[in-house]
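# Residue-level structure breakdown
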Amino acid sequence: MATSNPSVFLLTVNGQIEGADFPEYDNLYCKYCYVYGHDWAITTGLEEGITQITCKSSLSQTLVWNFPLETSFKSTNPSGWPQLVVSVYGPDVFGNDVVRGYGATHVPITPGQHTRTIPMFVPEPTWKLQKLTGWLLGRRPEYTDPKVVAQGEGREVTRVRSQGFVTVSFHITTKDMKKMGYDTGPCNLQTAASVDQPCTF
Amino acid sequence: MKDTEDSEEDSGETLKRTLRAQRQRRRRKLLEQSSVKESQHDDEDEEEVSAVQDQSVKEEPAEKTVALRPPSGSRRGYSLKPLPVSSSQKLDTFVTRHLEEKLRAARFKGESLQQEKEVSADPASRLQSLRGRDRVTRFDRETDSVKAEEDDVSVALSARVKFKEAAKRVNQGLPTANEAYNFFTFNFEPEPAEETEELRRKKRKQKETTEKDRDEDEGEEPEEDDKEDSQDPNENQSEETRLVPTEEDLFIIDQSARDFLEVKKAEYVGVKKRAARDSELLFTPSFRKAPTSVKLPENVKPRFIEDEGLYVGKRPSVSFTNETILENRLLKMEEGLEWFGDDGRILALPDPIKESSTRPPLFSMEGDLNPAIQTVFRKAQKSKYAADPEGDYQLDVEVFGLVFSHHPLFSREHVLASRLCQLYHQYLTRQQNNLTGHLTDKLNGLRNALGNMMKIHREESLTLSLQQRISEYSLEVRDTRQLRDSEQEKDRTLLKNIIKVWKEIKALREFQKFTNTPYKLLLRKENVDPASDQQEYEEEIQAEVMELEAEKEEDYQRSLAEYRKQLEEWKLWRKKQKAKRKKKKKKKKSQKLEDTTEDEDEEQEGSELEGPEDGPPKPQPPERPDFDAIEQQVKEKASKIRRKPGEAVLIPVLSASGNITDSELCPRVEVSRRQEVLRHSLFIKILCNDKKVSKTDSRPLGTDFRVHFGQIFNLRIITCPQSINLQVFEDTGSSSSLLAQVFVPAPEPSVVTGSASLEDFEFSSNQRVMFDHEGVGSDVPLSFEADGSNKVVLLTSGKLTCGVSWGVGDDDVPLAPSASQHPGVKHSGLGHLDAVTSIGASGLYDMKKIGEWAKQSRLDPNDPKNASIMQLLKVASSGEVTAPEYFRLEHLQEEFNFVTDEELDNSRRFRLLRLRNQGVKEFRNYKFIPALENEISDKVFQEYERRLKDGETVDTREHLDSHRALVAKYLQKIQESVMNRLLFAKHRFLLSDLVVEEEIPSIGNKVPVLLKAEKLDSLEHPRQNVRERDRADVNHMLKILGINLFKLTEPKRPLKPQRKERKKVTAQNLSDGDVKLLVNIIRAYDIPVRRPQSDKAGQSSQPAIHGSDWYLNQVQVRPFVEVSFQRTVLQTTTADGPNPSWNEELQLPFSAPNGDYSTSNLQSVKDEVFINIFDEMLHETGVNDKERGPSIHTQVEKHWLGSVRIPFSTIYSQSRIDGTFKVNTPAVLLGYSKERSHGANSGYDLLRSVSEGAFITLFITIEPQLVPGEPVREKFDSQEHERLLQAAEKFERKAAKRYPDRPCITTVIDLNGKTVFITRYIRPLNPPPEFLEAFPNNPQEATTLVARFVSLIPSLPDQVSFSGVCDLWTTCNQFLTLLAGDEEEHAVLLCNYFLSLGKRAWLIIGTAIPEGSTAYVLTHEQSRYLIWNPSSGQFYGQYDTFCPLQAVGCLVDADNVWFNIQEYASPMRMSFDVSKRKLWKPFFSGSFPHPGLSSVQPEELVYSRTDEAAAAELQDRIEKTLKDKIMEWRPRHPTRWNRYCNTTLKQFLPKLEQSRGQDVAEGHRHELQRLLGDYRISGFPLHMSFSEIRPVIEAVYSTGVHNIQGSNVEFALAVYVHPYPNNVLSVWVYLASLVRT
């Protein structure tokens, strides 16, 4: 297994979608998927998933999913580093399932444990009237594809409203990255000494 | 403070309190006597308490009478407020603290005791031994103990001692084994294991009694004990664990406390006593400052670093008393001296505290605020800290006034007066400067110095240096004299001029008889003493003459010396010459011997020789200077430039005191001038940075042409002004005009309002002004002479007096920008030292100059202000900075290049990444570009490079025709450019691309379907994705809203569900196998039927009379449908009869090329769906197998009957195809006849008879539904008029709104990507002349021929070639050149031909099957409308059921566009009369007439004749290729070609071409039958237009002729290529299979 000349490096993401903080909403569930570049592939694990519906407890106002993430990627190129896209849905007043937030974050590049709090947002209706009808009919504006939030292109045409936060914890393990010339280790003195090795493009 | 402390006391404290009460008395005693020396720890504690103690001691007397509180339980502290007993509690706390100290001391003692006990390690013994030991320890301690000095403790210890010791042991920590042993084995005699309360009480009492007994000497021990009880619940517990093993300890204590309550008289300790004791115990640092000597080590003098010039930061401010207290405290400590610095003060770091508070005070928002902290409203003002370079500056511009030196309204007198003024002013200035006097003095001084020097050194010989000096002096004298002379001359002329001008004025005044100006010139005479003056004058002249003489003399001497020198040289030369000559002479002499004439000869020769020898000329002796002349000159000069001796000194005084003649006395012209003057007024606008800032009041122009403003403008600015401009405006009643502009420089920052002086700025204007009155005007020649000569031109000019300075703020700070921001001073570090003034602004960029300057000005290198310049100099001096001679924008770029560009270019990986990023076709979807260079093989690029190379070469093999190859290449290029545009457009998003939103319900139907590209379909909420299609065509918004609201109430799972639209899938998430093509074959009509083998010719026309019998008895045909797509072939079951019904669904997998399911790639899929109808024929061949017996072999043959081809791109863009299509049946089907089915339904029959051929009903779609590519939203540039474009857009939008399913096109995009109005495409164009000639008498034939020609031009859907990006329309000549185009091009060409043929023709924009949105041609002939399909050349009547045109959107002709606003769009149900405005909405109408758009089409088309030979060659090549292919497709069987049949078929084909495949079938069959009687022939001719060979092969393959198996089958193939003009080729392929029967 341990080859001296690896042709790919591996990135293992373990973690949890821990929970969310949506002060106004309850009974939410969350979907996640990864967005990554051409040179990336998922070797094991779920590429996308959906959590259970969670309710707030009387004591705590946070929504807890504790939904595990376990995915391994392989890649040859750090460009297109995986991004975790989460979208939260839940029923509105009339029981229609509407989106409560989209958010994305890059999978941390440094090995180790990380916690990310992702701010969530939803697209805004173009018209006030649409807002009303959308509210009445439970058809709020949604992204054509949740993955849109992981890309920069075309976002300028949208207007969004911020909603809440989703907390995700990651445990990142990488393999062979250093061998291929990418040092993503934490930036402390210990590793700084070993950075000197030549960086091949 | 104490109260709060008390209230916070914990339960332990309360407990203590309960116990305390009863012991108060005892404690007093103790307090008096306690003289415990305590350890250092305790010392500290004591200090803490000291203050408290003080207080409580004072209060002591008052508390004496305080009644003791009965304890009320352990929790009393919680319930009871401490208020009523505050004083006692104070006392309590005090006491408690004190006791705590004691306890600590006692515990210590106990510990030492313990230790000793361990040492002694006595066995368990009784009280006695214990007592004894105790005593020992006491003694021991006295000797051993270091810290504590104890009083004698009496021996009288009861059994409690044991307990105490044990407690101490416990306190100490973990007991040793020995201790434990002791603990458990001790027999505490008086206390049984389970001590009852009584016992306990007894014990306490006992204790007390013992205490009493012990009296005051040993109050300590019991005190300790009590203390222990009260100290802490824990301690209590530890005590009790021993005493009372039961866990009710606290309770017990409570109980016991109550039991012990004892009321006693308050005790009093005297104040003095207490103070004395306190002073022993406590240390109170004094408030007095400790002497410095104490604070320093001995024999050290205080040293003040500050005085030595070292920097000492500011000490934090500490109040004096606090500091002294701290000092005293420190001094008390052993190592306290370390805290003092050299100056004898406490060491302190510089004050870290900011002067101002960083945190603003907080105010509560509600309620009445303290008036002191009430907020005050202040107007918002720009923060000074907000923007650094900008500030709050104030520029004071003072406009004092202006004086005209010339003005158009000047009279002549004014002109002279102003000149006089100027001269006088000049004179005054000169007087002030007094240059003449200064120079005269200097001259005198120099002369004296020279004279002295000469006098002193007269006797002695002059040294060289002295000589030098003297000559220098004399030189100086000469220069000075000359200067003085010129100045004097100037003075003199000025004076003369003044007088002259004054005289002129006087003359003028006299002449004009009035006075305009108040000026008067007085000449003050200052008489001088004529004698002295004369003397001075003479002396002066004398001195000058002397000097001049001396100079002349010197000159003379010098030139004389020169002369002599030259003379010497000349003489020398002469001598040489003579010597030479003498030599010659001697020679001559010896020859001639003539001595007598020697001298003469010599002379002669000399003169002779001199000329040619060119020696130096004989110098002329200098002339002696003429001293008389000098004197004369000097006198002359003096008389010219100086006043004559004795003459009075004239001092001109100009005064403005004269009277101006009143207007009444003046002539009319003058009066009008004066009136004009009065009308004028002036004002000045102030512009700062070219923005008008302010304006002065308008002031009238005075008669003296002086205007006084006297206004000061305070300009509040935030940036240093670049320019300050004062514009002088002249206001002449109605209008004002700009007279001149005065640019005032921005003042130096140091110039502030107080110190600024007014300055004069001259201005002038070259405006030409002329008047008809006395005013002289401006820019007008003016003469003062009577004869008009000596003209002068005067321009309006004047002086503006103003001052600009920086304002001064309230705090005397100049509101000026710092020098660094001052324009002109660029270098920040230099501002204050004013380097600019010393070396000039340009010098700032010269390092050397700066360096020199820095040295000269002795810059302090340590001054932080100079840090930048020192740094600069340091760098400069090291010589590292060499200014490059070029300029670079990104000069740091190179540092970031980690590899060179070449390396980067050579890197295969980088190249791959780059190509992928560019979206190059081959690499667009390249996954996993290897991480390392060496893992990328060159093969990756091979294909790409080959394609690049192929771009240049033309592959004729593939195309068979060079022309077509070129066209193909051209198309490819266009495609590329369009693709690039598409790629660009793809990155522009609309909201709808990103956000799915409930559309505002304007048009009811077509609710956008949510697109979700997830695989989580099942997980999703159904409502989210599936949208009901609102079929109601309701326009009103609110109505729809209502309906939508109504939907809320509808059941979630209705009993009769409505049809729901399928989910559309964006393409990117698909992979191979996900997409399927669904083909529903429903039924077919009019399949050709078999013709009986034995048929005779007569039977061919089978009459309908045979009726149903015949129909029923005969197996006419057994058709089945085979669908082939991407080489996947599926077939239906076999049905019976010519009108079969299959109703079968076939699923064909679809795979996109390169696995790329992106929209653009899918659109460019060129694959076609072939739907072939076959007839299944069973042949039973009996084979007599001798071994097995007779058996019957059934041989299945399939005979191709016809096909329908539907391009995938059509399906993709239409998303579904539903309808009845005409089957392309070959013109001749050997063995089959196109008999009509003669059913009972005669009416249907009748309808059918209109059309010909077979039909098939199909439904094709893609599963899942793919999102078709959107048309490019790019706005193409256009040459059309903007108004037209807007109208077109509006027209289309309106049309789309009302009839969304009717296509409406008004503008199209031409090949250059420009928007063109559609009518420009319509223009009559000549068809090829051959067609017209072919049927000169039959226009109908010509029409069909033309249609056929058009249909023969290969069709290439735009969607394929341009990836559905946009519909490009080519003009007809482009179309004919490209020989490829889609329906629109065909339709346009056909329409144009028809128009040329004199028909009424329109272009129909509509929808048809299977093309979708397309273009047809409509002609109006003989009162009926014909609809032409340009791609097939077919025409249909308006009421033809099988007309593929389904809906008509709009009609286009050369002049107008009509949109169909009829109820129905189907051609059958509508009227084509465009003149009816109710039915057709014209684009150009009365309100917007046709602007006369010229056509984009050429005037006429030029056709080239197609090379027949080339066609023949192509024919051969196709035939050969096809034959090869058929053999290739039959790898297992031999393919025999029936040559005879081949030739026969070949003969048929031209005939077919001629007749366009009609009505020749019978002839064929018969002919073939005759020729090949014993063969069962099945075959057919295929006809197609020619573009490439590939489609031909595909078509042949799809017929499946090659599939006929059998040993005795033979094939026949014939190809005919008929050339039409312009390389349009009609290809016929005749295929037949022959089976020998």
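About the criteria used
- Residues numbered from 1 in each chain as written.
- Chains lettered and ligands numbered in written order.
- Predicted model: local features only at pLDDT ≥ 70, side-chain atom pairs only at ≥ 80, totals over all residues.
- Heavy atoms only, no water.
- UniProt positions renumbered as here; feature names shortened; annotations may be inferred.
- Helix = DSSP H or I, 4+ residues; strand = E, 2+ residues; numbered from the N terminus.
- Contact = heavy atoms within 4.5 Å.
- Areas by Shrake-Rupley, 256 points an atom, 1.4 Å probe, with all protein chains shown as cover.
- Buried < 20%, exposed > 50% of the residue type's maximum accessible area, 1.4 Å probe, protein only.
- Axes fitted to C-alpha atoms, helices over the stretch in contact; angles between N-to-C directions.
- Parallel < 35°, antiparallel > 145°, perpendicular 65-115°, else oblique.
- Left-handed = near helix turned anticlockwise from the far one by under 90°.
- Nonpolar A, V, L, I, M, F, W, Y, C, P; charged D, E, K, R; others polar.
- Patch = residues over 30% accessible without salt bridge, like charges linked within 9 Å, V, L, I, M, F, W, Y side chains within 5 Å.
- Salt bridge = Lys/Arg side-chain N within 4 Å of Asp/Glu carboxyl O.
- Phe/Tyr/Trp six-rings, centres within 6.5 Å; stacked < 30°, edge-to-face > 60°.
- pLDDT = per-residue confidence, 0-100.
- Arc of directions from axis to C-beta.
- Pairing = 2+ DSSP bridges.
- Expected span 1.5 Å × (residues − 1).

Under an unreviewed UniProt entry, the name given to chain A is B9 domain-containing protein 1, and the source organism is Oryzias melastigma. Note on chain A: under the UniProt heading Subcellular location (unreviewed entry), the record states "Cytoplasm, Cytoskeleton, Cilium basal body".

### Some thoughts on the overall build of chain A
Along chain A, the regular secondary structure elements total 2 helices and 10 strands. Counting from the amino terminus, chain A carries its helices and strands in the arrangement β-β-β-β-β-β-β-β-α-β-β-α. Considering only contacts in chain A between residues 6 or more positions apart, those separated by 24 or more positions represent 74%. Per element, the accessible surface of chain A, about 9,400 Å² overall, is 56% carbon and sulfur.

### Thoughts on the overall build of chain B
In terms of helices and strands, chain B carries 48 helices and 39 strands. Considering chain B as a whole, with its 1637 residues, one finds that 44% of them fall into the buried category. Restricting the contact set of chain B to residue pairs at least 6 apart, pairs at least 24 apart contribute 73%. For chain B, the computed accessible surface area is about 90,900 Å², with 51% contributed by carbon and sulfur atoms.

### Let's talk about the packing of helix H16 (residues 412–433) of chain B against helix H18 (residues 464–512) of chain B
Residue and element names in this part refer to chain B. At a closest axis distance of 9 Å, the pairing of H16 and H18 adopts a crossing angle of 155°. When the interaxial angle is binned, H16 and H18 end up roughly antiparallel. Regarding H16 and H18, the two cross each other, and that crossing is left-handed. Considered class by class, the residues forming the contact of H16 with H18 number 13 nonpolar, 3 polar and 9 charged.

### A few points about a nonpolar patch on the surface
Residues and elements named next belong to chain A. Judged by side-chain polarity, Val93, Phe94 and Trp135 come together as a nonpolar surface patch covering roughly 320 Å² of accessible area. With respect to the element layout, Val93 can be found in the loop between strand E6 (83–91) and strand E7 (97–106). Given a relative accessible area of 65%, Val93 falls into the exposed group.

### Section: the packing of aromatic side chains
All names here are of chain A. Taken as a whole and judged by the stated rule, the model has 36 aromatic pairs over all chains. Ring geometry for Phe9 versus Trp81: centroids 6.4 Å apart, planes at 25°, classification stacked. Placement of the pair is Phe9 in strand E1 (residues 9–21) and Trp81 in the loop between strand E5 (63–75) and E6, with a sequence separation of 72 residues. Classification of Phe9 by relative accessible area gives buried; the value is 0%. When the ring of Trp40 is compared with that of Trp81, the centres are 5.1 Å apart and the planes differ by 70°; the resulting orientation is edge-to-face. On the criterion of sequence distance, the pair formed by Trp40 in strand E3 (residues 40–45) and Trp81 in the loop between E5 and E6 is long-range, its members being 41 residues apart.

### Things to note about the confidence of the model for chain A
Confidence along chain A averages 85 in pLDDT terms, with 90% of residues attaining 70 or more. Residue range residues 189–201 of chain A is modelled with pLDDT below 50. Its contacts to residues more than four positions away, or to other chains, number 13 contacts.

### Looking at helix H1 (residues 128–137) of chain A
Residue and element names in this part refer to chain A. Along H1, the residues classified as buried are Gln130, Thr133, Gly134, Leu136 and Leu137. Taken around the axis of H1, the buried residues stretch over an arc of 165°, which confines them to a single face. Gly138 lies just past H1 and shows a positive phi near 70°.

### What about the environment of Ile929(B)?
In this structure, Ile929(B) sits in the loop between helix H28 (908–918) and helix H29 (939–950). As a C-alpha pair, Ile929(B) and Arg909(B) span 20 residues in sequence and 7.2 Å in three-dimensional space. Setting aside its immediate chain neighbours within four residues, Ile929(B) contacts Asp39(A), Thr76(A), Arg909(B), Leu912(B), Leu913(B) and Arg916(B).

### Comments concerning the sheet that holds strand E20 (residues 1141–1149) of chain B
Residue and element names in this part refer to chain B. The 4 strands are arranged E20-E16-E25-E23 in an open sheet whose pairing can be described as antiparallel. Every other strand in the sheet has two partners, leaving E20 and strand E23 (1216–1222) as the edge strands with one partner each. Geometrically, the sheet is characterised by an average inter-axis angle of 15° between neighbouring strands, direction not taken into account.

### Side note on the pairing of strand E25 (residues 1255–1263) of chain B
Residues and elements named next belong to chain B. Extensive coverage of E25 is indicated by the burial of 7 of its 9 residues. As paired elements, strand E16 (residues 1076–1085) and E25 share 9 bridges and run antiparallel to each other. Of the residues in E25, the one forming a bridge with Asn1080 is Phe1259. Relative to E25, E23 runs antiparallel, the two being bridged by 7 bridges. Within E25, the residue paired with Phe1221 across the bridge is Ile1256.

### Topic: the side chain of Arg484(B)
Residues and elements named next belong to chain B. Topologically, Arg484 is positioned in helix H18. Of the residues examined, Arg484 reaches a relative accessible area of 1% and is grouped as buried. If we skip the residues at most four places from it in the chain, Arg484 touches Thr436, Leu439, Thr440, Leu443, Glu540, Glu544 and Arg642.

### Considerations on the sheet that holds strand E28 (residues 1315–1317) of chain B
Within the open sheet, the 3 strands sit side by side as E28-E27-E29 (chain B). Their pairing is mixed. This sheet does not close on itself; its edge strands, each paired only once, are E28 and strand E29 (1368–1369) of chain B.

### Concerning helix H44 (residues 1383–1396) of chain B
All names here are of chain B. With 14 residues, H44 extends 20 Å from end C-alpha to end C-alpha; this agrees with the ideal 20 Å at 1.5 Å per step. Most of H44 is tucked away: 12 of the 14 residues are buried. Phi turns positive, to about 85°, at Gly1398, one or two residues after H44.

### Thoughts on the pairing of strand E13 (residues 796–806) of chain B
Residues and elements named next belong to chain B. The buried count for E13 comes to 10 of 11 residues, which makes it a mostly enclosed element. Where strand E1 (residues 393–406) meets E13, 10 bridges bridge the pair, whose relative direction is antiparallel. Opposite Glu398, over in E13, you have Gly803 as the bridge partner. As judged from the 7 bridges shared by strand E10 (residues 759–765) and E13, these two strands associate in the antiparallel manner.

### Describing the pattern of salt bridges
All names here are of chain B. Counted under the stated rule, the structure contains 23 salt bridges over all chains. Where Arg484 meets Asp485, a salt bridge forms, and the shortest distance between an N and an O atom there is 3.2 Å. A salt bridge links Glu945 to Arg911; its shortest N-O distance comes to 3.2 Å. On the criterion of sequence distance, the pair formed by Glu945 in helix H29 and Arg911 in helix H28 is long-range, its members being 34 residues apart. Arg911 sits in the partly exposed class, given a relative accessible area of 26%. Salt bridges linked by common partners bring Arg430, Glu487, Lys490 and Asp491 together as one network.

### As for the environment of Gln488(B)
Looking at the element boundaries, Gln488(B) is found in helix H18. Apart from residues no more than four positions distant in its own chain, Gln488(B) is found in contact with Thr436(B), Ile641(B) and Arg642(B).

### Examining the packing of helix H45 (residues 1508–1529) of chain B against helix H48 (residues 1589–1599) of chain B
All names here are of chain B. In contact at an axis separation of 11 Å, H45 and H48 are set at 45° when each is read in the N-to-C sense. Between H45 and H48, the angle falls in the class oblique. Judged by the sense of rotation from one axis to the other, the crossing of H45 with H48 is right-handed. Here H45 contributes Ile1518, Thr1521, Leu1522, Lys1525, Ile1526 and Trp1529 to the contact with H48, which in turn contributes Ile1589, Val1592, Ile1593, Val1596 and Tyr1597. Within the contact of H45 with H48, the residues separate by chemical class into 9 nonpolar, 1 polar and 1 charged.

### Quick look at the confidence of the model for chain B
Residues and elements named next belong to chain B. Of the residues in chain B, 61% reach a pLDDT of 70 or more, and the chain-wide mean stands at 69. Every residue in residues 34–88 is under pLDDT 50, and counting partners more than four places away or in other chains gives 87 contacts. A low-confidence stretch, residues 1002–1037 (pLDDT under 50), is modelled with 79 contacts involving residues beyond four sequence positions or located in other chains. Among the prediction metrics, the complex's ipTM stands at 0.79, with pTM recorded as 0.45.

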